[in-house]
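In case you want the letters, here they are:
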Amino acid sequence: ADEASALAPVVFLSGSESFFLQSEAAARGWLASADAQLNYEAGIEESFTTLGFTPTDISDYIAQTAIAYPAAGTTQDKIKAIITQKWLSLCGTEGIEAWAEWRRTGYPDFFVVSANSLLGPTIFPARLLYPSAEVTRNGNFPGQKLIYDKVWWDVN
């Protein structure tokens, strides 16, 4: 099938990611013309529709207390809800972006370090290492970092 070949579609920016970006911007007060809750729910709907869920599945999911947009909550409550749902929508299609969202915001906040991690019991990987071609071919190479060295925007 095309899904497992060179002809498979590449997701650069999904519709659900666009809705979640707009929702976050509205919740933070950066996009006054947008409605954070409507975009949040549209992001979930787009993600679920892409995965083949029915409209009833989607409305039942959104109606759950733990999933419903926290309209009366704090800005941080709203960001947590938005980014958690955004992370879920990115998993399976845009994994690096999902990881970057967690590092940028700290959400979702339910992760635990694997008991088998070679980094230790409290350390998550924080960056990808530079490839060897960068090390050997770039005259301006800044030096290899450790996998747990944070990038400048990482909040965790």
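The following refers to the structure shown. Sequence order as written defines the numbering, with residues in each chain counted from 1. Totals for whole chains, interfaces and linings use all residues, but because this is a predicted model, local features are given only for residues with pLDDT of at least 70 and pairs of side-chain atoms are given and counted only at 80 or more. Hydrogens and waters are ignored; side-chain quantities use all the structure's heavy atoms.

Overview of the overall build of the chain
Consideration 1: Helix and strand assignments come from DSSP, with helices taken as H or I runs of at least 4 residues and strands as E runs of at least 2, each series counted from the N terminus. Along its length, the chain carries six helices and zero strands.
Consideration 2: In sequence order, the secondary structure elements of the chain are arranged as α-α-α-α-α-α.
Consideration 3: Remark: exposure states derive from per-residue accessible area (1.4 Å probe, protein chains only) relative to the maximum for the residue type, with buried under 20%, exposed over 50%, and partly exposed in between. Here the chain, with 156 residues, has 33% of them falling under the buried criterion.
Consideration 4: Carbon and sulfur atoms make up 59% of the accessible area of the chain, which totals about 10,000 Å². Accessible surface is estimated by sampling points in the Shrake-Rupley manner with a 1.4 Å probe; for residues, cover comes only from the protein chains shown.

As for the packing of aromatic side chains
Consideration 1: Geometry of aromatic contacts follows a simple scheme: Phe, Tyr and Trp rings, the Trp one being its six-membered ring, pair when their centres are within 6.5 Å, and the pair is stacked under 30 degrees between planes, edge-to-face over 60, tilted otherwise. Considering all chains together, one arrives at 10 aromatic pairs under this definition.
Consideration 2: Residues Y40 and Y69 carry aromatic rings whose centres are separated by 5.2 Å and whose planes lie at 55° to one another, so their mutual orientation is tilted. Pair noted here: Y40 is in helix α2 (residues 36-50) and Y69 is in the loop between α3 (55-63) and α4 (75-90), with a separation of 29 residues, a long-range link. By the burial criterion, Y40 is buried, and Y69 matches it.
Consideration 3: With a centroid separation of 4.9 Å and 40° between ring planes, the pair formed by F48 and F53 is classed as tilted.
Consideration 4: F53 sits in the partly exposed class, given a relative accessible area of 38%.
Consideration 5: Taken together, the aromatic side chains of W87, W102, F110, F111 and F124 make up a single cluster linked through ring pairs.

Details of the side chain of Q85
Consideration 1: With respect to the element layout, Q85 can be found in helix α4.
Consideration 2: Separated by 2.9 Å, the side chains of Q85 and Y61 make a polar contact.
Consideration 3: We call two residues contacting when some pair of their heavy atoms lies within 4.5 Å. Among all residues touching Q85, those that are not within four sequence positions of it are F20, Y40, I44, Y61 and I67. Under the rule applied, a polar contact is a pair of N or O atoms within 3.5 Å (in protein, one hydrogen donor and one hydrogen acceptor; residues adjacent in sequence only if both atoms are side-chain atoms).

Notes on unusual backbone geometry
Consideration 1: The residue after Y107, namely P108, is reached through a cis peptide bond having omega 0°.
Consideration 2: Its location among the elements puts P108 in the loop between α5 (95-105) and α6 (132-137).

Section: the environment of G73
Consideration 1: Locating G73 in the fold gives a position in the loop between α3 and α4.
Consideration 2: For the pair formed by G73 and E41, sequence separation is 32 residues and the distance between their alpha carbons is 16 Å.

Brief notes about the pattern of salt bridges
Consideration 1: Take a side-chain nitrogen of Lys or Arg and a carboxyl oxygen of Asp or Glu: if they are within 4 Å of each other, that pair is a salt bridge. The full count for this structure, using the stated rule, is five salt bridges.
Consideration 2: A salt bridge links R28 to E24; its shortest N-O distance comes to 2.9 Å.
Consideration 3: By relative accessible area, which is 4% here, E24 ends up buried.
Consideration 4: Between R104 and E101 there is a salt bridge, and its shortest N-O distance comes to 2.7 Å. In this pair, R104 and E101 are both assigned in helix α5, three residues apart and thus about one turn of the helix distant.
Consideration 5: The exposure class assigned to R104 is partly exposed, which follows from its relative accessible area of 30%.

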